[in-house]
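A closer look at the structure
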Amino acid sequence: MKKQLTMLALLVSAFAGLAHADDSAIQQALKKLGLQQTEIQPSPLPGMKTVLTESGVLYVSEDGKHMIQGPLYDVSGAQPVNVTNQLLDKKMNALAPEMIVYKAPKEQHVITVFTDITCGYCHKLHEQIADYNALGITVRYLAFPREGLHGQVEKAMRAIWCSADRNKAFDAAMKGDVPQMDAPATCKIDLDKHYQLGILYGIQGTPAILTDTGAMIPGYQGPQELKQVLDGQKRGG
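Conventions and cut-offs
- Note on numbering: residues in each chain are counted from 1, in written sequence order.
- Whole-chain, interface and lining totals are the exception, using all residues; otherwise, since this is a predicted model, local features are given only for residues with pLDDT of at least 70 and side-chain atom pairs are given and counted only at 80 or more.
- Here the side-chain values reflect all heavy atoms present in the structure, with hydrogen atoms and water set aside.
- UniProt positions are given in the numbering used here, feature names are shortened, and annotations may be inferred rather than shown by experiment.
- Counting from the N terminus, the helices are the DSSP runs of H or I reaching at least four residues and the strands are the DSSP runs of E reaching at least two.
- Any residue under 20% of the maximum accessible area for its type is buried, any over 50% is exposed, and the rest in between are partly exposed; the area is computed with a 1.4 Å probe on protein chains only.
- By definition, residues are in contact when any of their heavy atoms lie within 4.5 Å.
- We get accessible surface area from the Shrake-Rupley algorithm with a probe of 1.4 Å; when it comes to residues, only the shown protein chains can shield them.
- In this analysis, strands are considered paired if DSSP registers two or more bridges between them.
- Fitted lines through C-alpha atoms give the axes, limited to the stretch in contact for helices. The angle between two N-to-C directions lies from 0 to 180 degrees.
- In this scheme, roughly parallel covers angles under 35 degrees and roughly antiparallel covers those over 145, while 65 to 115 is roughly perpendicular and the rest are oblique.
- With the far helix as reference, a near helix turned anticlockwise by less than a right angle produces a left-handed crossing, and one turned clockwise produces a right-handed crossing.
- Basic side-chain nitrogens of Lys or Arg form a salt bridge, by our definition, when they fall within 4 Å of a carboxyl oxygen of Asp or Glu.
- Using a grid of 1 Å spacing that covers the protein atoms alone, one calls a set of points a cavity when a 1.4 Å probe fits there but cannot get out, and a pocket when the set is open and has protein on both sides within 12 Å along at least five of seven lines; lining residues are those with an atom within 4 Å of a point.
- Grid points are joined across faces, edges and corners, and a volume is the space filled by probe spheres set on the points.
- Amino acids are sorted into nonpolar (Ala, Val, Leu, Ile, Met, Phe, Trp, Tyr, Cys and Pro), charged (Asp, Glu, Lys and Arg) and polar (every other residue, Gly among them).

The name that an unreviewed UniProt entry assigns to the protein chain is Thiol:disulfide interchange protein, with the source organism given as Candidatus Pantoea communis. Here is the UniProt Function (unreviewed entry) comment for the protein chain, exactly as written: "Required for disulfide bond formation in some periplasmic proteins. Acts by transferring its disulfide bond to other proteins and is reduced in the process."

What follows is the structure, given as structure tokens:
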């Protein structure tokens, strides 16, 4: 019995060492590309790992020699499923308390919009927020300052997200009122997380609409047009 336990311990140690070696090879490969902030997770692809980076989601071979960038789809069912976006659901859910939400009275769909207060089409979308809500579409906002992090836009947007009444401050900003630039010192909201999540989803511009089926729609969609897309996805699912 003692010999069996010793053998089991050696096997566990060997497999743990192999996994560590695989991750080390991946880390080394990524460092060569200048990617420092990484999170390595299992992948549905045999011999590959899923790697979340500041440049998006990668699928990297365990020896670090090959990588694929872009969404991974499961096509085994009736409709293709974006597995990459499903992986990001937990990160999205973790940010739910920080979203600025406009809830539909008779909710049929929930969309998450990555927005920028200096984006013209983001303004157009928000001007029609009552129309989206009337069609049963709840709209949730996350911040995605197109100029990047730590600029004036991000500073202004953080002040909105740190306001006592986020919706009121956001409404005003989308009407062109310049928000207060200084957020309260007690505010713990970090818009870096919003922005980095957008990068993981592959967002390059705003508005970017994530549907309740995990599909990403780049760019503005009018209320009726979006309702048709969402209804179609729901039927397909």
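More follows now that the structure is in view.
1. Side note on the overall build of the protein chain
A tally of regular secondary structure across the protein chain gives nine helices and 11 strands. Out of the 237 residues in the protein chain, the part that is buried amounts to 42%. When contacts within the protein chain are restricted to residue pairs at least 6 apart in sequence, those whose partners lie at least 24 apart make up 63%. If you sum the accessible surface of the protein chain, you get close to 13200 Å²; carbon and sulfur atoms cover 55% of it.

2. Section: the sheet that holds strand 3 (residues 56–61)
Pairing is antiparallel in the open sheet, where four strands are placed in the order 1-2-3-4. At either end of the open sheet lies a strand with only one pairing partner, and these are strand 1 (38–42) and strand 4 (67–69). Shown here is a sheet whose adjacent strand axes are inclined to one another by a mean of 25 degrees, direction ignored. In this structure, strand 3 lies alongside strand 4, joined through three bridges in antiparallel fashion. Bridge assignment links Tyr 59 to a residue of strand 4, and that residue is Ile 68.

3. Concerning the packing of helix 4 (residues 120–127) against helix 7 (residues 166–174)
At their nearest, the axes of helix 4 and helix 7 sit 10 Å apart, and the two run at 120 degrees to each other. Classified by the angle between their axes, helix 4 and helix 7 sit oblique to one another. Remark: the crossing between helix 4 and helix 7 carries left-handed chirality. In contact with Cys 122, His 123 and His 126 of helix 4, helix 7 contributes Phe 170, Asp 171, Ala 173 and Met 174.

4. Side note on the environment of Leu 125
Residue placement: Leu 125 occurs in helix 4. In this structure Leu 125 touches Val 113, Tyr 132, Tyr 141, Pro 207, Ile 209 and Tyr 220, once residues within four positions along its chain are discounted.

5. Concerning the pattern of salt bridges
Counted according to the given criterion, the structure contains five salt bridges. Between Asp 116 and Arg 146 there is a salt bridge, and its shortest N-O distance comes to 3.3 Å. With Asp 116 in the loop between strand 8 (109–115) and helix 4 and Arg 146 in the loop between strand 9 (137–143) and helix 6 (152–161), this pair connects stretches of sequence that are 30 residues apart. The buried category is assigned to Asp 116, whose relative accessible area is 1%. On the basis of relative accessibility, which here comes to 42%, the residue Arg 146 falls in the partly exposed class. Residues Asp 231 and Lys 227 are paired through a salt bridge, measuring 2.7 Å at the closest nitrogen-oxygen approach. Placement of both Asp 231 and Lys 227 in helix 9 (residues 223–236) is noted, with a separation of four residues, approximately one turn of the helix.

6. Comments concerning the layout of surface pockets
Of the volumes computed, that of the largest pocket is approximately 610 Å³. Along its surface, the largest pocket is lined by 28 residues, and Tyr 73, Asn 82, Asn 85, Gly 214 and Met 216 are the ones closest to its centre. Of all the elements in the fold, those that place two or more residues in the lining of the largest pocket are strand 3, strand 6 (81–82), helix 2 (83–87), helix 8 (191–200) and helix 9. Within the lining of the largest pocket, the residues separate by chemical class into 11 nonpolar, 16 polar and one charged. The computed volume of the second largest pocket comes to approximately 290 Å³.

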